[in-house]
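# Structural characterization, general
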Number of protein chains: 2
Amino acid sequence: MSEEGSAKRHGLIIVNTGNGKGKTTAALGTVFRALGQGFKVAMIQFIKGGWRYGELNAAEKFDNFLLEPMGHGFIKLGDGDPAPEDCALAEKTWAQCAEKILSDEYDLVVCDEVNYALSYGLLPVEMVLDTLSRKPHRVHVILTGRDAHEKVIAAADLVTEMREIKHPYQKGIKAQRGIEF
Amino acid sequence: MSEEGSAKRHGLIIVNTGNGKGKTTAALGTVFRALGQGFKVAMIQFIKGGWRYGELNAAEKFDNFLLEPMGHGFIKLGDGDPAPEDCALAEKTWAQCAEKILSDEYDLVVCDEVNYALSYGLLPVEMVLDTLSRKPHRVHVILTGRDAHEKVIAAADLVTEMREIKHPYQKGIKAQRGIEF
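This is a predicted model, so every value here is computed, not measured. (Residues numbered from 1 in each chain as written. Chains lettered and ligands numbered in written order. Predicted model: local features only at pLDDT ≥ 70, side-chain atom pairs only at ≥ 80, totals over all residues.)

## Let's talk about the overall build of chain A
Which entries qualify depends on this criterion: Helix numbers and strand numbers start at the N terminus; a helix is a DSSP run of H or I with at least 4 residues, a strand a run of E with at least 2. Between the buried cut of 20 or more and the exposed cut of 12 or fewer other C-beta atoms within 10 Å of a residue's own C-beta lies the partly exposed class, and all C-beta atoms are placed from the backbone. Distance between backbone-placed C-beta atoms decides contact: two residues are in contact if it is within 7 Å.
In terms of regular secondary structure, chain A is built from seven helices and six strands. Seen in sequence order, chain A has helices and strands lined up from the N terminus as α-β-α-β-α-β-α-β-α-α-β-α-β. Across the 181 residues that make up chain A, the buried fraction comes to 49%. Within chain A, counting contacts between residues at least 6 apart in sequence, those at least 24 apart form 82% of the total.

## Notes on the sheet that holds strand E5 (residues 140-144) of chain B
Which entries qualify depends on this criterion: The criterion for strand pairing is that DSSP finds at least two bridges linking the strands in question. The axes are straight lines fitted to the C-alpha atoms, using for helices just the contacting stretch, and the angles between their N-to-C directions are given from 0 to 180°.
With mixed pairing, twelve strands are arranged side by side in an open sheet as E3(A)-E2(A)-E4(A)-E5(A)-E1(A)-E6(A)-E6(B)-E1(B)-E5(B)-E4(B)-E2(B)-E3(B). Of all the strands in the sheet, the pair left with one neighbour each is strand E3 (65-68) of chain A together with strand E3 (65-68) of chain B. When strand polarity is set aside, the average angle formed by the axes of neighbouring strands in this sheet is 15°. Examined bridge by bridge, strand E2 (residues 41-45) of chain A and strand E4 (residues 108-112) of chain A share five bridges and lie parallel to one another. The partner of Ala42(A) across the bridge, within E4(A), is Val109(A). On top of the sheet, helix H2 (residues 23-36) of chain A reaches strand E1 (13-17), E2, E3, E4, strand E5 (140-144) and strand E6 (158-166) of chain A; it is set at about 160° to E4(A), its chief contact. Strands in contact with helix H2 (residues 23-36) of chain B are strand E1 (13-17), strand E2 (41-45), E3, strand E4 (108-112), E5 and strand E6 (158-166) of chain B; relative to E4(B), the strand with the most contacts, it is inclined by about 165°.

## Observations regarding the environment of Leu108(B)
With respect to the secondary-structure elements, Leu108(B) resides in strand E4. A tally of 29 C-beta atoms within 10 Å means that Leu108(B) is categorised as buried. Sequence separation between Leu108(B) and Asn57(B) is 51 residues, and the spatial gap between their C-alpha atoms is 20 Å. The residues contacting Leu108(B), other than those within four sequence positions of it, are Ile179(A), Val31(B), Ala34(B), Phe39(B), Val41(B) and His140(B).

## So, the interface of chain B and chain A
Reports of interface size often rely on the accessible area that becomes lost once the parts have come together. Which entries qualify depends on this criterion: Only Asp, Glu, Lys and Arg are considered charged, only Ala, Val, Leu, Ile, Met, Phe, Trp, Tyr, Cys and Pro nonpolar, and every remaining residue, Gly among them, polar.
Residue-level contacts link 51 residues of chain B with 51 residues of chain A. Among the elements of the structure, helix H1 (3-8), H2, helix H3 (53-59) and E6 of chain B are those that each provide at least two residues to the side of chain B that touches chain A. No other element matches the ten residues that H2(B) contributes to the side of chain B that touches chain A. Broken down by class, the residue content of the side of chain B that touches chain A amounts to 20 nonpolar, 17 polar and 14 charged. Alignment of E6(A) against E6(B), held across seven bridges, turns out to be antiparallel.

## A closer look at the packing of helix H4 (residues 84-103) of chain A against helix H6 (residues 125-133) of chain A
Each pair of packed helices gets described by two things: the angle between the helix axes and the distance between those axes. Residue and element names in this part refer to chain A. In plain terms, the rule: Our angle categories are set so that under 35 degrees counts as roughly parallel, over 145 as roughly antiparallel, 65 to 115 as roughly perpendicular, and the remainder as oblique.
Axis separation between H4 and H6 bottoms out at 10 Å; the angle between their running directions is 5°. One finds that H4 runs roughly parallel with respect to H6. Within the contact between the two elements, H4 uses Glu91, Trp94, Ala98, Ile101 and Leu102 and H6 uses Met127, Val128 and Thr131. Partitioning the contact of H4 with H6 into residue classes produces six nonpolar, one polar and one charged.

## A short note on the nonpolar core
As a reminder of what qualifies: What makes a nonpolar core is a set of buried Ala, Val, Leu, Ile, Met, Phe, Trp, Tyr and Cys residues, with links drawn between C-beta atoms within 7 Å.
Judged by nonpolar contacts, the single largest core of 94 residues is most densely connected at Val31(A), Val109(A), Val31(B) and Val109(B). Not counting residues within four places of it along the chain, the set of residues in contact with Val31(A) comprises Val41(A), Met43(A), Leu108(A) and Val110(A).

## Things to note about the relation of the copies chain B and chain A
To keep things clear, this is the line we draw: C-alpha atoms of residues with pLDDT of at least 70 in both copies form the basis for the least-squares superposition of the copies.
Superposing chain B onto chain A requires a rotation of 180° together with a translation of 0.0 Å along the rotation axis, leaving an RMSD of 0.0 Å. In short, the pair behaves as if placed about a two-fold rotation axis. When you check the interface residues of chain B against chain A, 100% turn up at the interface there too, and the contact is symmetric in its surfaces.

## Side note on the environment of Ala148(B)
All names here are of chain B. Note that Ala148 resides in the loop between E5 and helix H7 (150-155). Along the sequence, Ala148 and Lys171 sit 23 residues apart, while their C-alpha atoms lie 29 Å from each other. In contact with Ala148, other than residues within four places in its own chain, are Val15, Thr17, Asn115 and Ile153.

## Some remarks on the packing of H2(A) against H2(B)
One way to put it is that H2(A) packs onto H2(B) with a least axis distance of 6 Å and a crossing angle of 80°. It follows from the interaxial angle that H2(A) and H2(B) lie roughly perpendicular. Contacts from Thr25(A), Ala26(A), Leu28(A), Gly29(A), Thr30(A), Phe32(A) and Arg33(A) in H2(A) reach Thr25(B), Ala26(B), Leu28(B), Gly29(B), Thr30(B), Phe32(B) and Arg33(B) in H2(B). Of the residues in the contact of H2(A) with H2(B), the class split is six nonpolar, six polar and two charged.

## Notes on the pairing of E2(B)
Residue and element names in this part refer to chain B. With five of five residues buried, E2 is to be regarded as a mostly interior element. Here E2 shows a buried face lined by Val41, Met43 and Gln45 and a second buried face lined by Ala42 and Ile44. Bridge count between E2 and E3: four bridges; the pairing is parallel. Paired with Ile44 across the strands is Glu68, a residue of E3.

## Details of helix H4 (residues 84-103) of chain B
Residues and elements named next belong to chain B. Applicable threshold: Between the first and last residue of a helix there are one fewer steps than residues, each counted as 1.5 Å, and that sum is the expected span.
Given a rise of 1.5 Å per residue, 20 residues ought to cover 28 Å, and the 28 Å separating the end C-alpha atoms of H4 matches this to within 8%. Along H4, the residues that are buried comprise Asp86, Leu89, Ala90, Thr93, Trp94, Cys97, Ala98, Lys100 and Ile101. Against E2, E4, helix H5 (114-119), helix H6 (125-133) and E5 lie the buried residues of H4. Phi for Asp104, located one or two positions after H4, is positive at around 65°.

## Regarding H2(A)
All names here are of chain A. Under the 1.5 Å per step criterion, the end-to-end length of H2 is 20 Å for 14 residues, consistent within 8% with the ideal 20 Å. In terms of burial, H2 is a largely internal element, 14 of the 14 residues being buried. Of the residues trailing H2, Gly38 is marked for its positive phi of about 85°.

Structure representation (structure tokens):
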């Protein structure tokens, strides 16, 4: 970081939530903007398949980008209470996020679909809030996923709700490669 | 396009609207996803300054991306009726969009902040609707900007409203380089 940059820097806690498209996609747009500025960026995914071929391929062009997909299978969301192994996996994934955030080595850390893990009861909200409260001042964090926890919203600087107004599934159109994945 | 791809392809008309952040940023995320899939992408901007250093720098890494920033000064939005030269400029910019869309040479065409130009009365909505009605089937189009016209929403397949829930300006925090621009 240049001194000029540091002086003005105020690391934001950003939440992209809501039932519409664009939560992860807007995070992805922010990642590319940050990469273009020379920022060091880490992305950690809580839901398998949230990152697809398109963005992974594009991301490979950048040396300053670290992607940590869930490498251990992934959480199966069912009707009943969360299974202990899924909770353990979610907590392990948050520990990865916390390590990246608290290391102060990244300019931006994206915790993709963490709101989902919280709303399914896989992760205690206090664990997330504790890390955010200890976040180095200059580090930006993005938390995506629907049903963001009210305490996470309270801790955030920038919160956007993506609302679905119209969806192609309503017309029977399948998800489109290169656009939706 | 491969035959496999063409067979499943249904070009979407996508609208990102609302008063919140993430309209252009989500379009940017979709652009990078599409570029990563090898799609040919064009972006045309209606509002000067909508594209900043970060994304321009990142975009340079891709051969399959064409950015057409407004090169002719740009529309000054005031209180009164739109000036004739601003309308002419907006119409000229839409003509660029139409050329890219109708050429069938691009997989994705982003018309950034066109909704803004429409809502300010700089561009007749019929001009936009006419192009969209003649869009080649396989071409995806994204139209961004607040206050999307109801006829544009009616013509779209996927519409998302980005709603501002909380904004850092409310805390007196300035826009952050690498994140917001």
